[in-house]
Amino acid sequence: MKSIFISGGCNSVYNGLDVCQFEENQHLIAFPCSNQILVYDIKKLKIIYSYSIFNKRVNYVRFLNATTLVAADGEGKIAIFNDSQVLYEAKLNESIQLFKVIGQYIIALSIDGLVTVLNLELKELSKLEFGNNVMENIDAIEFDKHTFVALSGVDTQIHLYILENNQLQYKASVKGHQRSLNHLQFHLKNQEYLQLASASKDTYTRIWSIYKINEVEAKTKSFRIEQQLYSFKLETILQGHIEEVSTVNWFDENTILSGSFDYNVIIWKQDKDTGLWLSVSRLGQTSGNKNQIFGLQTSFDKQYIICYTLTGAIYIWKQEQDNWVEQPVVTGHYAEVTDLDFKDYVLTCSSDQTSRIFTKWIKNDTYHEISRPQIHGYDLNAIKQIGNQIISGGDEKILRMFNPSPFTINQLNYLNEQNINSSVFLNQNIPSQIVTYNNRQFNEFKLATEGIQQALGLMNVQMQFEDEEDENVKNNEVEVNLEIKYGQPPNDALLAKKSLWPETNKLYGHGYAIQAIAIHQNIAASSSVAITSKAAEIIIWDTNTFKIKQLLPCHNFTVVQLVFSRSGKYLISVSKDRCLGVFVKQDDDTYQILSKSQPCSRIVYTCAFNNDESLIFTGSRDKKFRIYNTTEASVPIKEIEFQDEITAIDSVLLNNKQIVAVAYGQGQLETFELTQTLELNLLSSVDKYHKHSKTINRIKFNNDLLASCSDDHTVRIYQI
């Protein structure tokens, strides 16, 4: 199996992302995603590796050199690793929030108030205790033959230490910010002058200076190292943000960048004549978006500015002459991905309360998110494509159906060279124009009838088309900088604002959270969380009339997966009651129970058919893969033991071979060939740099492509 796509959002931790600063031509970004580290290549526009060496959420990652990374997680583990192996690892008492690599040292800050000095083999050299005054930020630099270390914590002060003889020695503290700090960064202006930028929740960025003096200056903090006297004073205050400043970055000695919760990156330049710092440019949305910026960096060659937001989206701007031009980037979910479907595109839903569509950008041979059909107020648990529409369900107990948005149709035409039957818009007389792109002609539709989100975040209503002049007036105040450039993947702001699908119907019937959905043509089957046999009934819907066709009693507890056979003749279900249910279609198009298996020893997570519908495969928590005859499924005809619990199965016929993909609770994914004698011969496994790091919830074949989604926040596509 060859990995061709990985998607995931950055964890919402302060300044956890890192850009490789060691090779000019290497444009790599490492960022934490759940309990793993993903490495993104800016030039290739794809995530090239994932490292799964932690059990808890990764809080911080840094490049040690061009090929080696250091990362720390929420249970106090810190590790140094490269492409081939973990070189060193250590365990501190509590969650490591961040650390600083300086020379031969790593200084780690834990949530229990400890500042620990380690060497590059992660052996502990010394500790400094701060108790309840937890240190939350650190930076260090070599200056005047000493290692200067700045720390700040919940007391709003900046504390200056020097690192000497493996110990941190206190020198001075300064106070200026009114609220706690979010970030510190040193900059060596020259051999005599050191600068320190600090970002705070009080909306200000402050620049401090440290320099040599011969005698104590009035109204400045001074300290002594050996015989030399130094001054530590405030140089200037930068005021331009309206929310807390989360991150600062020195671009050069006359330029500094600041990122804020107001979703702005401000570029400040110091006037050479007056010395004043002026705001010369703003990147990001100036209004209408609540995606706070959590981290900001520049590339080694200063060509790129990289930041990421609360919802895990990464933004990249490239300097082209005097302008900063936004670049395409991979976006992804920032919570557990609960379900997926793979037909015309990869469709996913997540506990982050969004559904997303990923498809191939043919021109660049990479996959990207091109639409976000639903942004909801409840966690989403199940989703399927039904014709041109989408049907989804979550903790809200209601199934919702959506029509495609013109934005999505346009993106599929431009990027993927396919069209989801755009006649639905032509019939509604939605304005369009014929465009020619890449030697293809197609309709580009006006973006006025997309979904807009209600205040409570539960329903997408359809925006009525208005006169173009009125629309521009209406949107002028709200959607600054939301310029649509077809021909490249949309950014996160466009996806959130422009790509919602209008909702067509709600399907009421379940009394508890929706758990699973299956689709065949216009028929939908759904299940909900259940602790009684009545609540566990499967509902069959006619999606043309939006009415319940029938209720199928079979199970006693939650049905966790439903699958129709290719012809629609059979419907199968697996449940927490440890049984497999098989239903067969009658002449009147209703379904009747055909058989119910004997209970397995543990919950059955997943089920699938073979290509000709004669066999059913199930996978369960007892680590057993079972094969049943479809027409008589009370007992399995074959049981195969595995090393891990089986959480997802799918099957496809490729080159006259029945291929079965099996996914596991620990994140591994394997493909097998099913022989005539019902043996599983291993074909391939995902290597450790491209496998999931947590339970895989769903896998789905589309010819020779296999999509998977997991609790590790990622969606992946493999080629068989």
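From a predicted model like this one, the values you see are computed outputs, not experimental measurements.

### Observations concerning the pairing of strand 5 (residues 46-51)
Note: strand 4 (residues 36-41) against strand 5, 5 bridges, orientation antiparallel. Bridge pairing in strand 5 links Tyr40 to Ile47. If you look at the hairpin formed by strand 4 and strand 5, you'll find 4 residues sitting between the two strands, and Leu45 has a positive phi there, around 60 degrees.

### Concerning the pattern of salt bridges
Scanning the entire structure with this criterion turns up 24 salt bridges. With a shortest N-O distance of 3.5 Å, Lys506 and Glu503 are connected by a salt bridge. Accessibility expressed as a relative area gives 26% for Lys506, which makes it partly exposed. Residue Glu503 is classed as buried on the basis of its relative accessible area, which comes to 11%.

### Some details on the sheet that holds strand 57 (residues 669-674)
Read across the open sheet, the 4 strands follow the order 55-56-57-58; overall the sheet is antiparallel. Pairing within the sheet leaves two strands with one partner each, and these edge strands are strand 55 (646-654) and strand 58 (680-685). Across the sheet, the axes of successive neighbouring strands diverge by a mean angle of 25 degrees, strand direction being ignored. Relative to strand 56 (residues 657-664), strand 55 runs antiparallel, the two being bridged by 8 bridges. Each residue of the ladder has a partner; that of Ser651, found in strand 56, is Val660.

### Points about the UniProt feature "repeat: WD" (unreviewed entry) in the protein chain
UniProt tags residues 238-269 and 689-720 as "repeat: WD" (unreviewed entry). Helix makes up 0% of residues 238-269 and strand 69%, whereas the separation of the span's terminal C-alpha atoms amounts to 11 Å.

### Overview of a nonpolar patch on the surface
Together, Leu276, Leu278 and Val280 make up a nonpolar patch on the protein surface, roughly 280 Å² of accessible area in all. Along the chain, the position of Leu278 falls in strand 26 (residues 277-284). A residue is classified by how much of its surface remains accessible, and Leu278, at 45% relative accessible area, is partly exposed.

Procedures and definitions
Residues numbered from 1 in each chain as written. Predicted model: local features only at pLDDT ≥ 70, side-chain atom pairs only at ≥ 80, totals over all residues. Heavy atoms only, no water. Pairing = 2+ DSSP bridges. Helix = DSSP H or I, 4+ residues; strand = E, 2+ residues; numbered from the N terminus. Salt bridge = Lys/Arg side-chain N within 4 Å of Asp/Glu carboxyl O. Buried < 20%, exposed > 50% of the residue type's maximum accessible area, 1.4 Å probe, protein only. Axes fitted to C-alpha atoms, helices over the stretch in contact; angles between N-to-C directions. UniProt positions renumbered as here; feature names shortened; annotations may be inferred. Patch = residues over 30% accessible without salt bridge, like charges linked within 9 Å, V, L, I, M, F, W, Y side chains within 5 Å. Areas by Shrake-Rupley, 256 points an atom, 1.4 Å probe, with all protein chains shown as cover.

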